[in-house]
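This is what each chain is made of:
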Amino acid sequence: MLEWLGLPVAASSHAGDVDRIMVLVHWLMVTLFVGWGSFFIYVLYRFRRGRNPRASYAGARGRFASLVEGGVLASEIALLAFFSIPFWSANVDAKPPDGDSVEVRVVAEQFSWNFHYPGADGRFGRTAITLVDPDNPLGLDRRDPAAKDDITTINQLHLPVGRTAIIHLSSKDVVHSLGMPQMRVKQDAIPGIMQPVWFTPTKTGRWEIACSQLCGLAHYRMKAFYTIHTPERYESWLKEEAAALPQ
Ligand SMILES: [Cu+2]
């Protein structure tokens, strides 16, 4: 049922629900397109000049028109009430359970993505805008004890499969947008706001993050890669990164 839309691989736990809504919306649009299109062609023929030399300003009468309009309205309300709103409250409003999640700060800037992991202590180190320089794009204060084991990367996000990832998303300059099509995740990054967004990857792989808001001249090359690892491979990646930290 999904193939005809040509969607990217669905690799997160909520992706199936998003796809179901997309398919239903497309069916509704196909029905409306065919319905209105055939009605338009019928009207062109039925009210041709040869048969109706004088225009009628009365408009459509009769039950059928209101019935069709009522049907369209009812299907749109049904999509909202039975699919979109329940999906939103289950996946977006509901905070994921504490415990076994991976937290990453993501800071967008013109024109790259900075990723900040809390390291072994599970605490994000202090960051300050005054410390931002080309070698320290996040402004991480390495003198802060909580920052000593923090891992930072540029344009490379690594996450384990099967664990909920909580991304704390912000921006240093303008509005960007974190687009991860295979996770069915898209969230704007807004300066001054730390926006949480969460998902649970269900497949391993390596895909692209594309900035999904036109954010400046080099927007087209603002991309990063994200890798969903097996748990073991993710742990060894964390160890490699920790071993490479300045002592
Ligand atoms: Cu951008």
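None of these values were measured; they are calculated from a predicted model.

Student: Help me understand the overall build of the protein in this model?
Tutor: If you tally the helices and strands in the protein, you get three helices and ten strands. If one aligns the C-alpha atoms of the protein with their principal axes, the spans along those axes are about 90 × 35 × 25 Å. Buried residues in the protein amount to 35% of all 247 residues. Sequence-distant contacts in the protein: of pairs separated by 6 or more residues, those separated by 24 or more amount to 66%. For the protein, the computed accessible surface area is about 15,100 Å², with 62% contributed by carbon and sulfur atoms.

Student: Where do I start with the sheet that holds strand E7 (residues 185-189) in this structure?
Tutor: The strands making up a sheet are joined through hydrogen bonds of the backbone, oriented either antiparallel or parallel. The five strands are arranged E4-E10-E9-E6-E7 in an open sheet whose pairing can be described as mixed. The strands lining the two open edges of the sheet, one partner per strand, are strand E4 (156-160) and E7. Averaged over all pairs of adjacent strands, the angle between their axes in this sheet comes to 20°, without regard to strand direction. Where strand E6 (residues 176-180) lies against E7, five bridges are found, and the strand directions are antiparallel. Looking at the pairing, methionine 180 lines up with valine 185 of E7.

Student: How should I be thinking about the coordination of the copper ion in this particular structure?
Tutor: Ideal geometry at a metal centre: 109.5 degrees between donors when four sit tetrahedrally, and 90 or 180 degrees when six sit octahedrally. Listed as protein donors to the copper ion are His176 (ND1), Cys211 (SG), Cys215 (SG) and Met222 (SD); their distances from the metal cover 2.0 to 2.5 Å. Because the angles between the four donor atoms bound to the copper ion fall within 89 to 123°, the donor set is best described as tetrahedral. Taken in sequence order, the residues that donate to the copper ion follow the motif H-x34-C-x3-C-x6-M. Here the residue histidine 176 occupies a position in strand E6, and cysteine 211 occupies one in strand E9 (residues 205-211), the gap between them amounting to 35 residues. The class for histidine 176 is buried, based on a relative accessible area of 0%.

Student: How do you make sense of the environment of alanine 189 when you look at a structure like this?
Tutor: As for its position among the elements, alanine 189 is in strand E7. The exposure class assigned to alanine 189 is buried, which follows from its relative accessible area of 0%. In sequence terms alanine 189 and arginine 123 are 66 residues apart; their C-alpha atoms lie 22 Å from each other. Setting aside residues up to four positions removed in sequence, alanine 189 forms contacts with Ala108, Leu169, Ser170, Ser171, Val174, Val175, His176 and Ser177.

Student: Sorry, what's going on with the sheet that holds strand E3 (residues 151-154) here?
Tutor: With mixed pairing, the five strands of this open sheet are ordered in space as E3-E2-E1-E5-E8. Unpaired on one side and paired on the other, E3 and strand E8 (195-199) mark the two borders of the sheet. Direction aside, the axes of adjacent strands within the sheet are offset by 25° on average. In the sheet, strand E2 (residues 112-117) pairs with E3 via four bridges, with the strands oriented antiparallel. Of the residues in E3, the one forming a bridge with phenylalanine 115 is threonine 153.

About the cut-offs
- Residues numbered from 1 in each chain as written.
- Predicted model: local features only at pLDDT ≥ 70, side-chain atom pairs only at ≥ 80, totals over all residues.
- Heavy atoms only, no water.
- Helix = DSSP H or I, 4+ residues; strand = E, 2+ residues; numbered from the N terminus.
- Buried < 20%, exposed > 50% of the residue type's maximum accessible area, 1.4 Å probe, protein only.
- Contact = heavy atoms within 4.5 Å.
- Areas by Shrake-Rupley, 256 points an atom, 1.4 Å probe, with all protein chains shown as cover.
- Pairing = 2+ DSSP bridges.
- Axes fitted to C-alpha atoms, helices over the stretch in contact; angles between N-to-C directions.
- Donors = N, O, S within 2.8 Å, 3.2 Å for Na, K, Ca; no water.
- Tetrahedral: all angles 85-135°; square planar, octahedral: opposite > 155°, others 65-115°.

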